[in-house]
2 protein chains.
Amino acid sequence: MRFGIFYEHQLPRGGEVDERRLYRDALVQAEIADRVGVDYLWEVEHHFLEEYSHSSAPEVFLAAASQRTERIRLGHGIVQLPPEVNHPARVAERIAALDLVSDGRVEFGTGEASSSAELGGFGIRRDRKREEWQDAIDAITRMFVEEPFAGWRSEHLRMPPRNVIPKTVQKPHPPLWVACSRRETIRFAARNGMGALSFSFVEPEDAAKWVDEYYRIIGSDECVPAGFAVNPNVTVVLPMMLHEDEATAIGRGIDGAHFFGFALAHYYGTTPHDPGRTNVWDEFQERRAARGFDRDRIIANAESLNVNVGSLRGAVGTPEQVTELVRRYEDAGVDQVAFVLQAGPNKHEHICESLELFGSSVLPHFLEGREERENAKAERLAPAIEAALARRAPARTLPPGYRIDEDAELARANRPRSLRSEARRRVQQGFYLLVHGRSDAQIERRFGPAAQRVLFSGMARAYDPSAAFEGALQFRLTRTDGAATTWTIIVRGGRARVRPGKAAEPALALTVATADFLRLLAGDANPAMLLMDGRLKLQGDVELAPRISEMFGGPSPY
Amino acid sequence: MRFGIFYEHQLPRGGEVDERRLYRDALVQAEIADRVGVDYLWEVEHHFLEEYSHSSAPEVFLAAASQRTERIRLGHGIVQLPPEVNHPARVAERIAALDLVSDGRVEFGTGEASSSAELGGFGIRRDRKREEWQDAIDAITRMFVEEPFAGWRSEHLRMPPRNVIPKTVQKPHPPLWVACSRRETIRFAARNGMGALSFSFVEPEDAAKWVDEYYRIIGSDECVPAGFAVNPNVTVVLPMMLHEDEATAIGRGIDGAHFFGFALAHYYGTTPHDPGRTNVWDEFQERRAARGFDRDRIIANAESLNVNVGSLRGAVGTPEQVTELVRRYEDAGVDQVAFVLQAGPNKHEHICESLELFGSSVLPHFLEGREERENAKAERLAPAIEAALARRAPARTLPPGYRIDEDAELARANRPRSLRSEARRRVQQGFYLLVHGRSDAQIERRFGPAAQRVLFSGMARAYDPSAAFEGALQFRLTRTDGAATTWTIIVRGGRARVRPGKAAEPALALTVATADFLRLLAGDANPAMLLMDGRLKLQGDVELAPRISEMFGGPSPY
């Protein structure tokens with residue numbers, strides 16, 4: 001079990017609105033947490049969420065904290081990945097810079113943004129943000145490991161090859177996390193081989209089911225890592241306030257816990273919000289009870305802490321109660337509990353006291369045997385992680401000889417996006433329907449030499465000069481009757497042309513059945529599978545093979 | 001005279017490539033500079049410029065430095081403003097967060113990006129980046145002062161109203177600067193009321209002419225501040241290395257100074273660059289002499305330091321030489337000299353030694369009477385600055401009642417940009433040609449009541465519901481013959497309609513000559529001038545007047 005503290009930088013209008021003190025106090029709290037042995041300092045990225053979160057530039061706060069702490073991990077919980085908010089290269093750069101100034105203490109949490117304030121504010125389409133996330137995390141992790149980053153071309157990001165610098169201290173990159181709010185997103189985290197940062201205030205006994213499912217997926221074929229390392233961890237986030245006297249703990253912490261829950265519902269629900277005018281604190285005062293945050297329903301002397309039963313209480317209580325609660329999460333297999341102390345009107349001095357008390361009276365119960373348990377877990381998961389990483393498309397190597405060319409790069413970047421990719425999608429789909437479920441002979445009949453010429457000419461026309469390839473690619477398409485046709489694409493000076501017949505010295509020669517080749521182009525066959533089955537044969541520079549789709553305008557970014 | 005140190009985070013491939021040490025050493029140097037009395041720590045933002053600058057996330061480095069220093073100003077030198085690189089809201093947020101963690105020590109330098117590596121990498125059009133800069137700085141400074149930011153609609157940025165948080169400690173916002181590389185951009189800085197950060201390695205005697213022109217413009221009608229405060233300052237950037245023995249100073253510092261100049265030319269000239277492959281350090285070794293960076297031409301015992309004569313030397317020399325050089329800049333009216341010590345292969349320990357020596361042997365010569373001189377300058381410029389600020393379009397007040405509405409905001413954000421604004425531009429231009437240079441009577445003849453109805457109906461159709469206005473606007477258009485026509489636009493529930501005649505209780509009633517009204521719409525007359533001349537009369541909520549153009553689809557963002 002590891003521990004974290006989690007910051008939203010809340011600033012309800014109820015009290016003195018002093019953002020400078022808010023940040024200054026948080027840095028002092030980070031120092032204490034670091035000293036008493038808390039492992040993680042998490043910081044959100046939210047935009048325009050007045051009162052709920054004044055943490056819109058976590059890269060700045062975490063960098064400041066890096067110089068006030070020595071050991072604590074610095075977690076982005078999370079970075080908003082839609083390119084409308086943060087350009088993927090800027091994300092890679094700031095993560096690396098933070099890793100440098102903190103000597104390798106960064107945890108890279110990611111998310112999609114979800115509030116209307118943020119989606120509307122940055123113009124992000126709700127129905128596309130998942131796709132944007134997937135695209136951005138793939139590009140960013142490649143920026144970390146590829147030297148140079150070999151470029152990108154997708155609906156959401158177009159970027160020519162560049163060496164994105166600086167690089168991270170941690171290799172291949174800092175541990176990856178994704179924000180989760182539902183069971184479905186925990187599964188999503190597992191399928192992407194990322195740590196799950198769960199904000200759902202779930203009871204330990206329910207968490208157990210989630211954790212089991214998470215680790216089942218991590219160990220299965222479903223896990224295809226989004227990055228170049230797997231981070232198998234589940235973190236649960238909870239409000240917290242500690243005191244030896246339970247009533248005092250509640251008195252100090254329950255308004256913060258409740259405001260956190262209320263303001264979350266305010267921004268993520270349908271409550272109207274007038275920027276700069278709506279007073280969330282006043283609304284909280286008026287409606288907390290009606291919304292299930294009744295102060296009077298929280299009674300001391302509960303037998304055990306129930307996080308979300310009746311009303312959100314979280315880990316507000318005595319060291320004994322919180323120790324017992326954490327133990328239940330530990331039994332459920334949760335890897336980390338991250339506490340929100342700075343919430344609503346909670347006072348700096350109470351937060352500092354709670355952190356000290358946590359360090360002396362809760363944390364020590366969880367240290368014994370921790371390293372051994374963590375080592376055993378790592379050993380147990382190692383084979384599954386190795387297998388998962390083998391399923392991820394590898395880092396690319398840009399062939400030398402690319403030249404930065406502003407005009408050509410601008411022209412490519414500004415080609416109309418939607419039309420082009422729409423057309424591409426339609427061609428792809430048409431292709432798929434033509435080949436899917438057909439026999440080899442049926443496909444061959446449709447794609448005789450004339451159709452093949454059209455196909456290869458189209459590929460040549462679609463050649464992307466940023467691929468910076470020079471040389472010849474030879475395609476030998478065999479038929480079921482034993483005959484074969486050979487085509488060569490020659491690329492020179494940024495232009496590609498096609499001619500029938502063999503190449504003199506092909507950089508790469510492919511031999512494949514005509515039907516399989518068309519299935520590959522249509523996305524109806526997997527090149528790795530065909531290779532393993534011996535149905536696709538490569539001679540020459542085999543590293544070129546996975547780049548062919550990209551070079552000739554294929555739909556995949558790699 | 002004030003002093004700064006300037007960081008690019010250079011890392012030539014010649015030596016050990018250790019980005020972690022590069023950053024760690026720079027933080028130690030910042031501590032020393034702070035202690036010995038250097039006033040400014042400047043940090044660039046560059047992307048993909050391997051070896052020349054590994055400083056791609058200055059917000060992270062400066063935030064780290066904020067916790068290692070107490071007094072030194074933390075300068076972005078500069079932030080790249082094209083929205084393709086940094087969303088304007090993200091810039092406002094990170095500047096404010098840095099101002100919070102540093103207790104108000106931020107200097108906000110801005111620039112457009114200029115290298116092909118950056119423009120091509122982010123897809124920025126060279127012919128549009130100046131316009132993007134102007135648009136972004138206007139939006140960002142409004143985000144600092146408007147609560148809430150009243151929204152934006154331009155070619156480069158569309159954003160609905162939002163309260164951009166946190167806010168800066170310094171009010172109205174941190175001092176603004178702009179990167180300058182030519183005399184023209186110094187003028188540009190003055191016209192925008194911003195500090196000039198000059199990178200042109202100019203001799204003091206030439207600088208004098210630039211400075212004179214800069215302050216002449218600051219004091220003239222040409223100065224219309226880009227922000228809500230004027231920052232009248234000229235800073236010159238120079239390479240530096242100090243030692244009591246001149247030959248030792250040269251031995252320690254000239255390669256760094258020369259590599260700085262050579263690598264700058266590499267990235268900003270036409271030298272081909274292959275990302276991740278080109279070795280700028282090797283090219284420097286081979287070609288430095290041919291490019292004017294001949295080590296052997298730098299001779300000790302020069303009578304005085306000539307910054308750029310023969311070969312870039314800057315402030316590499318003895319404390320006496322550098323004191324004399326700084327004195328010449330001071331005499332030229334330069335306000336700050338910022339030194340680049342961390343350049344090329346320059347060694348950490350030599351940089352630290354130079355900083356200590358600078359603090360003990362150069363800086364003290366410039367302290368006497370400094371405060372008095374600065375106060376006198378502030379007093380001298382105060383009336384001009386006040387006049388300049390009155391020329392800037394003021395901060396806006398969004399009327400209460402706006403509601404965040406993701407779907408409506410998305411729909412507005414995704415309206416085709418170029419077509420719409422292109423059409424608008426054409427209408428505007430046509431209008432201009434119709435009214436420009438015509439007499440009142442001529443214009444009246446063209447715009448009788450029928451034409452007026454068409455015009456007002458068009459305005460009503462173009463109403464932008466994000467203006468969140470409810471009520472009636474009454475327009476009384478007078479004619480030279482004494483007659484008048486009155487129109488009312490009524491806005492209710494996000495929709496506007498027009499009808500002839502007076503309003504019962506107009507929120508705002510305008511009275512203006514028909515011809516002047518059309519000149520206003522065509523951009524051929526200035527509303528402030530018409531008001532002062534008594535040719536435009538307002539009754540009711542006069543703050544609505546400057547918003548009319550924005551509310552009804554006008555071309556201006558405010």
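Predicted, not measured: the structure shown is a model, and the values here were computed from it.

Helix and strand content of chain A: 19 helices and 16 strands. Overall, chain A is about 85 × 50 × 40 Å in size when its C-alpha atoms are taken along their principal axes. Here chain A holds 558 residues, and 60% of them are scored as buried. Carbon and sulfur atoms provide 50% of the accessible area of chain A, an area that totals close to 21300 Å².

Next up on the list: the sheet that holds strand β14 (residues 495–500) of chain B. Residues and elements named next belong to chain B. Taking strand neighbours across the sheet as the criterion, the five strands line up as β14-β13-β12-β15-β16 in an open arrangement whose pairing is mixed. The open sheet has two free edges, formed respectively by β14 and β16 (536–540), since each of these has just one partner strand. Neighbouring strand axes in the sheet, compared pairwise and without regard to direction, differ in orientation by 15 degrees on average. In the sheet, strand β12 (residues 471–478) pairs with strand β15 (residues 508–513) via six bridges, with the strands oriented parallel. Bridge assignment links F475 to a residue of β15, and that residue is L510. The strands touched by helix α16 (residues 449–461) within the sheet are β12, β13 (484–492) and β14, with β13 carrying the most contacts at an inclination of about 20 degrees. Across the sheet, helix α17 (residues 514–521) is in contact with β12 and β15; its angle to β15 comes to roughly 105 degrees.

This paragraph deals with unusual backbone geometry. Negative phi values dominate among residues other than glycine, just as trans dominates among peptide bonds. For the peptide bond that leads from G77(A) to I78(A), omega is 20 degrees, which places it in the cis range. Mapped onto the elements, I78(A) comes out in strand β3 (residues 73–80). With an omega of -5 degrees, the peptide bond between I165(B) and P166(B) qualifies as cis. Topologically, P166(B) is positioned in the loop between β6 (158–159) and β7 (176–180). Of note, E51(A) is a non-glycine position whose phi angle comes to about 70 degrees, a positive value. Residue F48(B) is not a glycine yet carries a positive backbone phi of 70 degrees.

Time to look at the pattern of salt bridges. For the structure shown, the criterion picks out 95 salt bridges over all chains. Two residues, K377(B) and D335(B), come together in a salt bridge whose shortest N-O distance is 3.0 Å. In this pair, K377(B) is assigned in helix α12 (residues 370–391) and D335(B) in the loop between α10 (319–331) and β11 (336–340), connecting sequence segments 42 residues apart. Exposure remark for K377(B): the relative accessible area of 15% places this residue in the buried category. Take D335(B): its relative accessible area is 14%, and that puts it in the buried class. Each of R2(A), D39(A), R71(A), R370(A) and E374(A) takes part in one network of salt bridges that share partners.

Before going further, it helps to examine the packing of helix α3 (residues 88–101) of chain A against helix α2 (residues 58–66) of chain B. Contact pair α3(A) / α2(B): the axes reach a minimum separation of 8 Å and the direction vectors enclose 25 degrees. Comparing their axes, α2(B) and α3(A) come out roughly parallel. For the element pair α3(A) and α2(B), the recorded crossing hand is right-handed. In this structure, α3(A) contributes R90(A), R94(A), A97(A), L98(A) and V101(A) to the contact, and α2(B) contributes E59(B), V60(B) and A64(B). In terms of residue class, the contact of α3(A) with α2(B) is built from five nonpolar, no polar and three charged.

Overlaying chain A on chain B yields an RMSD of 0.1 Å, the required transformation being a rotation through 180 degrees with an accompanying axial translation of 0.0 Å. Viewed as a symmetry operation, the transformation between the two copies matches a two-fold axis. Distance from the rotation axis, computed per C-alpha, reaches its smallest value in chain A at A64(A): 2.3 Å. With an isologous cut-off of 70% or more, the 100% of interface residues of chain A that recur at the interface of chain B puts this contact in the isologous class.

The next point concerns the packing of aromatic side chains. Here the structure, examined in full by the defined rule, presents 50 aromatic pairs over all chains. Residues F3(B) and F366(B) carry aromatic rings whose centres are separated by 5.6 Å and whose planes lie at 70 degrees to one another, so their mutual orientation is edge-to-face. Taken as a pair, F3(B) in strand β1 (residues 2–7) and F366(B) in the loop between α11 (348–361) and α12 lie far apart in primary sequence, 363 residues in all. On the basis of relative accessible area, F366(B) is assigned to the buried category, the value being 1%. A connected cluster of aromatic rings, assembled from ring pairs, spans F3(A), F339(A), F358(A) and F366(A). When the ring centre of F228(B) is taken as origin, the NZ or CZ atom of R392(B), which lies over that ring, is 3.9 Å away.

Another aspect to go through is the interface of chain A and chain B. Contacts between the two partners involve 74 residues from chain A, matched on the other side by 74 residues from chain B. Buried surface at the junction of chain A and chain B, summed over both partners, amounts to about 6200 Å²; 61% is from carbon and sulfur atoms. Three residues stand out in chain A for area buried against chain B, namely F48(A), R90(A) and E406(A), and they jointly supply 11% of the buried area on that side. For the pair chain A and chain B, the number of links is nine salt bridges. One salt bridge connects R90(B) with E59(A), and the closest N-O pair in it is separated by 2.5 Å. Along the contact surface separating chain A from chain B lie 34 residue pairs in polar contact (both at pLDDT 80 or more). Taken together, the elements giving at least two residues each to the side of chain A that touches chain B come down to α1 (19–36), α2 (58–66), α3, α4 (116–122) and α13 (406–414) of chain A.

Time to look at the domain arrangement of chain A. As far as domains go, chain A holds domain 1 (2–391) and domain 2 (406–551). For domain 1 of chain A and domain 2 of chain A, the distance between their C-alpha centres works out to 44 Å.

The subject of this paragraph is the nonpolar core. Counting residues in hydrophobic clusters, the biggest one holds 268 residues, and the most contacted among them are F339(A) and F339(B). Per-element tally for this core: the top contributor is helix α8 (residues 246–268) of chain B, with nine residues. When residues no more than four places from it in sequence are discounted, the contact partners of F339(A) are F3(A), G4(A), I5(A), F6(A), L238(A), M240(A), A315(A), V322(A), V326(A) and F358(A).

Okay, the environment of L520(A) next. Mapped onto the fold, L520(A) is located in helix α17 (residues 514–521). Spatially, the C-alpha atom of L520(A) lies 53 Å from that of F366(A), the residues being 154 residues apart in sequence.

As a further point, take the sheet that holds strand β13 (residues 484–492) of chain A. Residue and element names in this part refer to chain A. Read from one edge to the other, the open sheet built from five strands follows the order β14-β13-β12-β15-β16, with strand pairing classed as mixed. Strands with a single pairing partner mark the edges of an open sheet, and in this sheet they are β14 (495–500) and β16 (536–540). Strand-to-strand twist of the sheet, defined as the mean angle between neighbouring strand axes without regard to direction, takes the value 15 degrees. With five bridges joining them, strand β15 (residues 508–513) and β16 adopt antiparallel strand pairing. Counterpart to V512 in the pairing with β16 is L536. Packing of helix α16 (residues 449–461) onto the sheet brings it into contact with β12 (471–478), β13 and β14, and relative to β13 it is tilted by some 20 degrees. Lying on the sheet, α17 is in contact with β12 and β15; it crosses β15 at an angle near 105 degrees.

Further remarks concern the side chain of Q336(A). Residue and element names in this part refer to chain A. Mapped onto the secondary structure, Q336 falls in strand β11 (residues 336–340). On the basis of relative accessibility, which here comes to 2%, the residue Q336 falls in the buried class. At 3.2 Å, the side chain of Q336 and the side chain of T235 are in polar contact. In contact with Q336, other than residues within four places in its own chain, are M1, R2, F3, G4, Y40, W42, W177, V234, T235 and V236.

Further remarks concern helix α12 (residues 370–391) of chain A. Residues and elements named next belong to chain A. In a regular helix each residue adds 1.5 Å, so 22 residues correspond to 32 Å; α12 covers 31 Å between its end C-alpha atoms and thus fits that length. Maximum bend of α12: about 45 degrees, positioned at A382, with proline P383 one to four residues after it. Residues R370, K377, L381, A384, I385 and A388 constitute the buried set of α12. Turning to α12, the residues buried within the fold contact β1 (2–7) and α7 (204–218).

Rules used throughout
Residues numbered from 1 in each chain as written. Chains lettered and ligands numbered in written order. Predicted model: local features only at pLDDT ≥ 70, side-chain atom pairs only at ≥ 80, totals over all residues. Heavy atoms only, no water. Helix = DSSP H or I, 4+ residues; strand = E, 2+ residues; numbered from the N terminus. Buried < 20%, exposed > 50% of the residue type's maximum accessible area, 1.4 Å probe, protein only. Areas by Shrake-Rupley, 256 points an atom, 1.4 Å probe, with all protein chains shown as cover. Pairing = 2+ DSSP bridges. Axes fitted to C-alpha atoms, helices over the stretch in contact; angles between N-to-C directions. Contact = heavy atoms within 4.5 Å. Salt bridge = Lys/Arg side-chain N within 4 Å of Asp/Glu carboxyl O. Parallel < 35°, antiparallel > 145°, perpendicular 65-115°, else oblique. Left-handed = near helix turned anticlockwise from the far one by under 90°. Nonpolar A, V, L, I, M, F, W, Y, C, P; charged D, E, K, R; others polar. Least-squares fit on C-alpha atoms with pLDDT ≥ 70 in both. Phe/Tyr/Trp six-rings, centres within 6.5 Å; stacked < 30°, edge-to-face > 60°. Lys NZ or Arg CZ within 6 Å of the ring centre and 35° of its normal. Buried area = accessible area lost by both parts, 1.4 Å probe. Polar contact = N/O pair within 3.5 Å; in protein donor to acceptor, adjacent residues only side chain to side chain. Domains from an automatic or database assignment. Core = buried A, V, L, I, M, F, W, Y, C linked by side-chain atoms within 4.5 Å. Expected span 1.5 Å × (residues − 1). Bend = angle between axes of the 7 residues up to and from the residue.

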